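# Tertiary structure, described
The chain contents come next:
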Amino acid sequence: KKPTPVTPVSVLIIGAGFAGLGMAIRLKQAGIDDFVILERASAVGGTWRDNQYPGAACDIPSNLYSYSFAPNPDWSRSFSGSGEILDYIHHLVSEFDLQKHIRFEKNVTDLCFDEGKGIWTATTDRQETFAGRAAIMAQGPLSNCSFPAITGIEDFQGHKIHSARWDHDYDFAGKRVAVIGTGASGIQIIPELVKVAGHVKVFQRTPGWVLPRPDFTTPQWNKALFRKLPASQQAMRNLLYWTHESMALAVIWNSPLTRIAERLARLHLRRQVKDRWLRRQLTPDFTIGCKRVLVSNDYYPALQKDNAKLITWPIARISEQGIRTVEGIEHQVDCIVFATGFDVSHSGTPFPVRGRNGRLLGDEWQGGAQAYKSINVSGYPNLFMTFGPNSGPGHNSALVYMESQLDYALKGIRKILAEDLKILDVKESVQHQYNKGIQKRLSRTNWNSGCKSWYLTADGFNATMYPGFATQYAAQMADFEEADYETA
Ligand code: NA7
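Everything in this summary refers to the structure shown in the same document. In this text the structure is predicted, and so the values were computed from the model without any measurement.

Here we take up the side chain of Glu39. Turning to its location among the elements, Glu39 is positioned in the loop between β2 (35-38) and α2 (46-50). Classification of Glu39 by relative accessible area gives buried; the value is 5%. Engagement of the side chain of Glu39 in a polar contact is seen with the side chain of Arg49, the distance being 3.2 Å. Setting aside residues no more than four positions away along its own chain, Glu39 makes contact with Gly15, Ala16, Gly17, Arg49, Ile102, Arg103, Phe104, Glu105 and Lys106.

A few words now on the site of the ligand. Around the ligand, 18 residues are found, and the nearest of them are Thr182, Ser185, Arg205, Thr206 and Lys291. Between an oxygen atom of the ligand and a main-chain N or O atom of Gly183, the distance comes to 3.4 Å. Between an oxygen atom of the ligand and a side-chain N or O atom of Trp454, the distance comes to 3.0 Å. Taking 770 Å² as the accessible area of the ligand by itself, protein coverage stands at 80%. Residues that form the shell around the ligand fall into these classes: eight nonpolar, seven polar and three charged.

With that out of the way, let us pick up the pattern of salt bridges. In this structure the tally under the stated criterion is 27 salt bridges. A salt bridge links Asp50 to Arg49; its shortest N-O distance comes to 3.0 Å. The salt bridge involving Lys100 is made with Asp97; its shortest N-O contact spans 2.9 Å. The structure contains a network of salt bridges with shared partners spanning Glu39, Arg49, Asp50 and Arg165.

All right, on to the packing of aromatic side chains then. Scanning the model with the defined rule gives 22 aromatic pairs in all. On the basis of an interplanar angle of 15° and a centroid distance of 4.6 Å, the ring pair of Tyr67 and Phe69 is categorised as stacked. Members of the aromatic cluster, each reached through a chain of ring pairs, are Phe18, Trp48, Tyr65, Tyr67, Phe69, Trp75 and Tyr88. Arg213 extends its terminal NZ or CZ atom over the ring of Phe79, reaching a point 4.5 Å from the ring centre. Between the NZ or CZ atom of Lys291 and the centre of the ring of Phe286, over which it lies, the distance is 6.0 Å.

With that settled, consider the sheet that holds strand β7 (residues 159-162). A sheet is described by the order of its strands in space; here five strands give the open sequence β7-β16-β8-β9-β12, paired in parallel fashion. The open sheet terminates on both sides in strands that have one partner only, identified here as β7 and β12 (308-311). Ignoring which end each strand starts from, the neighbouring axes of this sheet average 20° apart.

Right, let's get into unusual backbone geometry. Although it is not a glycine, Asn357 sits at a positive phi angle of roughly 50°. Residue placement: Asn357 occurs in the loop between β17 (353-354) and α10 (361-364). You can call Asn357 exposed: its relative accessible area is 71%. Phi is positive for Asn390, close to 55°, though the residue is something other than glycine. Inspection of the secondary structure puts Asn390 in the loop between β18 (383-385) and α11 (398-418). By relative accessible area, Asn390 is classed as buried at 2%.

Rules behind the numbers
- Residues numbered from 1 in each chain as written.
- Predicted model: local features only at pLDDT ≥ 70, side-chain atom pairs only at ≥ 80, totals over all residues.
- Heavy atoms only, no water.
- Helix = DSSP H or I, 4+ residues; strand = E, 2+ residues; numbered from the N terminus.
- Buried < 20%, exposed > 50% of the residue type's maximum accessible area, 1.4 Å probe, protein only.
- Polar contact = N/O pair within 3.5 Å; in protein donor to acceptor, adjacent residues only side chain to side chain.
- Contact = heavy atoms within 4.5 Å.
- Near = heavy atom within 4 Å.
- Areas by Shrake-Rupley, 256 points an atom, 1.4 Å probe, with all protein chains shown as cover.
- Nonpolar A, V, L, I, M, F, W, Y, C, P; charged D, E, K, R; others polar.
- Salt bridge = Lys/Arg side-chain N within 4 Å of Asp/Glu carboxyl O.
- Phe/Tyr/Trp six-rings, centres within 6.5 Å; stacked < 30°, edge-to-face > 60°.
- Lys NZ or Arg CZ within 6 Å of the ring centre and 35° of its normal.
- Pairing = 2+ DSSP bridges.
- Axes fitted to C-alpha atoms, helices over the stretch in contact; angles between N-to-C directions.

Structure (structure tokens):
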């Protein structure tokens, strides 16, 4: 069905998570008030609205995992929980008066560019249409949760819960629980479940490297200081920023610091796990940094509680009663918790995105997604992506990367509006050249060093991570080169 014409706003934003709301704030601060945010759910917050499982928290310190233009002196601890992060997001909405711009329950199913008019039209699953001169795709890379393709998953008669769609009504007290997945989410959930459930069986496919988590409650005097002297909070942020920047040397590239980080993780394991056999089962066989580095103080102790058990036999199938492992044992459980992560699209788009001459972005990305500076794609003018291809932060705060993206998009949007452009399209040769460089740099990173992770496609193509320091990323994004673009 052809969309009915609608009056275009200046900017159409898809998604009311951190990125979409951040874009809205930057637009407002730049005096652009004519924008609409389309959100498929009925509340803001994106991944932090969805990930409210017990123990959910960010593994980047809150003073760094927040917007520099909206500091919060009241973080209750160094690594605040997901509820507090969601409160911060709600606070952004009220402080910057964003509510009136948000349209809830608008699930975009198609995004199409009209080259003659220079207009993007978003169509929702209810066939409503919204149009904008520029469009921001801020739907988030970790928004669709993934259940594993394990035989028999549909047969299970007990309760199934995904970490990113928590069932707060389910009472775990005394229950026999299985947890599949020991990534960032799994290792946060397990200690909480062990506290309440009757028995917790942890099904681990691959052990990850775990570092200690320097987590402290914020003393009152510290909050007062941050409030009275915002420069002190900025100084703290800078300290955290540079600490994480230096971690790139361990995490991204194989360097002497990588060895030191591995030694630290082994020491942490040795201190927390006395049993040799268990330690062996928990020791990774890949370079630290190849997969997401985990941080936890309570995961290893939780595994050693009397009501917990680590199972490393591969899963053969899920049955009506529980989980059967390959050596033939059936583990009967009341509930399976899937901490199995997200459907990360490496080659597709969340909905059809149609550019110039009917081009379809999903088709062009068949061999792996790519963009220019992770934000623009040639043939798709006036479209900006947050957390587009190769913008993943391996070691630093996602929000630091996001701020660079928002400011870059703002430069493009200002140009479109100021010069009344219909087309601001990155040149194909520029995009090609950029990606040649990115892939060359990626080939030298730990992510491409042989392990399997959600960063890579099945055949090893990395369309997710940025192979460098956050400082390098910020420098490339600070530079909006007009010559890189074709305009009309
Ligand atoms: P992740 O990091 O994708 O972790 C998913 C976990 O689930 C991981 O341990 C997987 O094991 C495991 N998994 C997935 N499929 C299976 C099957 N079929 N059988 C057994 N185990 C399986 O998701 P998270 O939610 O923890 O974290 C996502 C990101 O959020 C994280 O990187 C941070 O950036 C924040 P595997 O390691 O693949 O062997």
